[in-house]
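Structural features, examined
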Amino acid sequence: MHPRDQTIFALSSGRAPSAIAVVRVSGSQASLVLTRLAGRLPAPRQASRRLLRDGAGQPIDDAIVLWFPGPGSATGEDIVEFHVHGGRAVLAALLAAISDIPNTRAAEPGEFTRRAFENGKLDLTEAEGLDDLIHADTDRQRRQALRQLQGLLGDRARDWRERIIGASALIEAGIDFSDEGDVPAELRAPAVKAIKTLHDEIAKVLAAQGHSERLRDGLVVAIAGEPNVGKSTLMNQLARREVAIVSPYAGTTRDVIEVQLDLDGYPVTVIDTAGIRETDDPVEQEGVRRARARAEDADLVLWLVEGGRSVEQGAGPPLWTPGDGNDRSRGSVWIVRNKIDLGIDPGIDLGIALGRAGGAELAGEFGISASRGDGIPELIDALVKFAANFFGTTEGALVTRARQRDLLRQASDSLRRSLELVEEGEELAAEELRAAAYALGRLLGRVDVEDVLGAIFQKFCIGK
């Protein structure tokens, strides 16, 4: 039997132990599984209390069961749900009893959702939205993922594809009636108008400002600087808990420490790096190398120096220093002068000096006391503003993944070329329209996407 014809099962709720656990079963044998364990099928979509028994007739648990006959189910197949007590022994007994039934097996990651996709219950953009919703850490991520799951992009893409096919039909009809005098020209005019409208709509989506794709991964902020200037203390202040070791000895942080923050709904990863300095210690040298690499890849670097010291004094050559003309950071750099509680003149006003927003440089300078908390609220407020500028307007965003943007760009390019070629020959224009429809078909997962399905669904959790 082909693996796709087998009935799959998995724990679809949280890790045991828990108050309640949900075990899902999907496939042609789902009804047999339910009758074997619960005695008889309940009414569809109605919760029913049953005593579950294994193949030897021994009781497993007093449970709630639900029966969803296909195709009117989440996967399009017959589905059974067992709502049992979430103890490890209960789950072990239940899963063992299900696996004893022929042609059943444990589900692979994302297999329930993949079956829903293959049975036409959702398109690939909706499946990607479901994955994003599962992994959403902040409210803004949740809202964006929910819009995708509700078909915001998929509905538009289906509409675009149908209109492209309609325009293509007019163009190809002109080819068929090429010997009928004015017929090709009469058919070409409405086709060209439709293609221009389509191209403008897709181009507008692609040109929309914002970093909605990046909202999935979050903003990366690296705390860097010379050893013992308070990087780990600042990390703990931002995280509001002790996540990094604080020590008066230089070189304490040898590796990169990360913490995930939710700043006003924006996902932010803050990285505490090893102090950047010259050292003969091979372990610390590796820490410095990793610190420089992470700072260079960060969207924003908070470069810590002691108040009153120049940036150049914060890290001597030949090490990387922000603002020296040789930095390789892809993002922006803020200077954070620490230890102002010791009476060291920060050399600046505590106000925030923000430059132009967006993906370019956004300069900032701050005076703080990482140990006492002075200036920390102002720094956090500035980080929220930076995140808002960085992500732009994500409300109503259609595109949330690079794959989606690439395929929309391919469709847009094909539409543009079809407009350029339509006067030279309908055959060439029709071929470009077919390419545009094909790109949107790939976006929806309806044509030739086997190469990306595994990469997408293997990231799902088991049971979803």
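Everything discussed here concerns the structure shown above.
Overview of the structure. (Residues numbered from 1 in each chain as written. Predicted model: local features only at pLDDT ≥ 70, side-chain atom pairs only at ≥ 80, totals over all residues. Heavy atoms only, no water.)

**Some details on the overall build of the protein**
When helices and strands are tallied, the protein shows 15 helices and twelve strands. Within the protein, the proportion of its 464 residues that are buried is 49%. A separation of at least 24 residues holds for 68% of the contacts in the protein among residues at least 6 apart in sequence. Working note: accessible area of the protein is about 21500 Å², and carbon and sulfur atoms make up 50% of it. (Helix = DSSP H or I, 4+ residues; strand = E, 2+ residues; numbered from the N terminus. Buried < 20%, exposed > 50% of the residue type's maximum accessible area, 1.4 Å probe, protein only. Contact = heavy atoms within 4.5 Å. Areas by Shrake-Rupley, 256 points an atom, 1.4 Å probe, with all protein chains shown as cover.)

**So, the pairing of strand β11 (residues 332-338)**
A regular strand carries its side chains on alternate faces of the sheet. With seven of seven residues buried, β11 is to be regarded as a mostly interior element. Of the two faces of β11, both are covered, the one formed by Ser332, Trp334, Val336 and Asn338 as well as the one formed by Val333, Ile335 and Arg337. When strand β10 (residues 300-306) meets β11, the two strands line up parallel, connected through seven bridges. Its bridge partner being in β11, Leu300 is matched across the sheet by Ser332. (Pairing = 2+ DSSP bridges.)

**Looking at the packing of helix α4 (residues 124-134) against helix α5 (residues 139-149)**
One way to put it is that α4 packs onto α5 with a least axis distance of 7 Å and a crossing angle of 155°. Compared by their axis directions, α4 and α5 come out roughly antiparallel. As for the relative orientation of α4 and α5, their crossing is left-handed in sense. Between α4 and α5, the contacting residues are Thr125, Glu126, Gly129, Leu130, Asp132 and Leu133 on the first element and Arg142, Ala145, Leu146, Gln148 and Leu149 on the second. For the contact of α4 with α5, the per-class residue count stands at five nonpolar, three polar and three charged. (Axes fitted to C-alpha atoms, helices over the stretch in contact; angles between N-to-C directions. Parallel < 35°, antiparallel > 145°, perpendicular 65-115°, else oblique. Left-handed = near helix turned anticlockwise from the far one by under 90°. Nonpolar A, V, L, I, M, F, W, Y, C, P; charged D, E, K, R; others polar.)

**Remarks on the pattern of salt bridges**
Scanning all chains against the criterion turns up 22 salt bridges. Arg140 is the partner of Asp264 in a salt bridge, and the nearest nitrogen-oxygen pair spans 3.5 Å. Placement of the pair is Asp264 in the loop between β8 (257-263) and β9 (266-272) and Arg140 in helix α5, with a sequence separation of 124 residues. We note a salt bridge from Asp406 to Arg409, for which the minimum N-O separation is 3.6 Å. Of the two residues, Asp406 and Arg409 are both situated in helix α13 (residues 402-421); the distance of three residues between them amounts to about one turn of the helix. (Salt bridge = Lys/Arg side-chain N within 4 Å of Asp/Glu carboxyl O.)

**Here we look at the pairing of strand β3 (residues 48-53)**
Alternating positions in β3 separate cleanly, Ser48, Arg50 and Leu52 being buried on one face and Arg49, Leu51 and Arg53 remaining unburied on the opposite face. In this sheet, strand β4 (residues 59-68) lies alongside β3 in antiparallel orientation, the contact comprising six bridges. Bridge assignment links Leu52 to a residue of β4, and that residue is Asp61. Here β3 folds back onto β4 in antiparallel fashion, the turn holding five residues, of which Gly57 has a positive phi close to 85°.

**Quick notes on the side chain of Thr7**
Among the structural elements, Thr7 can be located in strand β1 (residues 7-11). Exposure remark for Thr7: the relative accessible area of 1% places this residue in the buried category. In terms of polar contacts, Thr7 uses its side chain to reach the backbone amide nitrogen of Ser28, at 3.4 Å. Thr7 has contacts with Val25, Ser26, Gly27, Ser28, Gln29, Ala30, Asn103, Thr104 and Arg105, leaving out every residue within four places of it along the chain. (Polar contact = N/O pair within 3.5 Å; in protein donor to acceptor, adjacent residues only side chain to side chain.)

**Digging into the nonpolar core**
Ranked by size, the top nonpolar core spans 33 residues in total, and within it Leu234, Leu302 and Trp334 carry the most contacts. For this core, the secondary-structure elements that each account for two or more residues are β7 (219-225), α9 (231-239), β8, β9, β10, β11 and α12 (376-391). It is α12 that provides the largest number of residues to this core, a total of ten residues. Beyond its immediate sequence surroundings of up to four residues, Leu234 is in contact with Ile223, Leu302, Leu304, Ile368, Ala370, Ile376 and Leu379. Counting residues in hydrophobic clusters, the runner-up holds 29 residues, among them Ala411, Val422, Leu433 and Leu443. (Core = buried A, V, L, I, M, F, W, Y, C linked by side-chain atoms within 4.5 Å.)

**Section: the sheet that holds β3**
Spatially, β3-β4-β5-β2-β1-β6 is the arrangement adopted by the six strands of the open sheet, whose pairing is mixed. The sheet is open, and its two edges are formed by β3 and β6 (104-106), each paired on a single side. Pairs of neighbouring strands in the sheet enclose a mean axial angle of 30°, with direction left out of account. As paired elements, β1 and strand β2 (residues 18-26) share four bridges and run antiparallel to each other.

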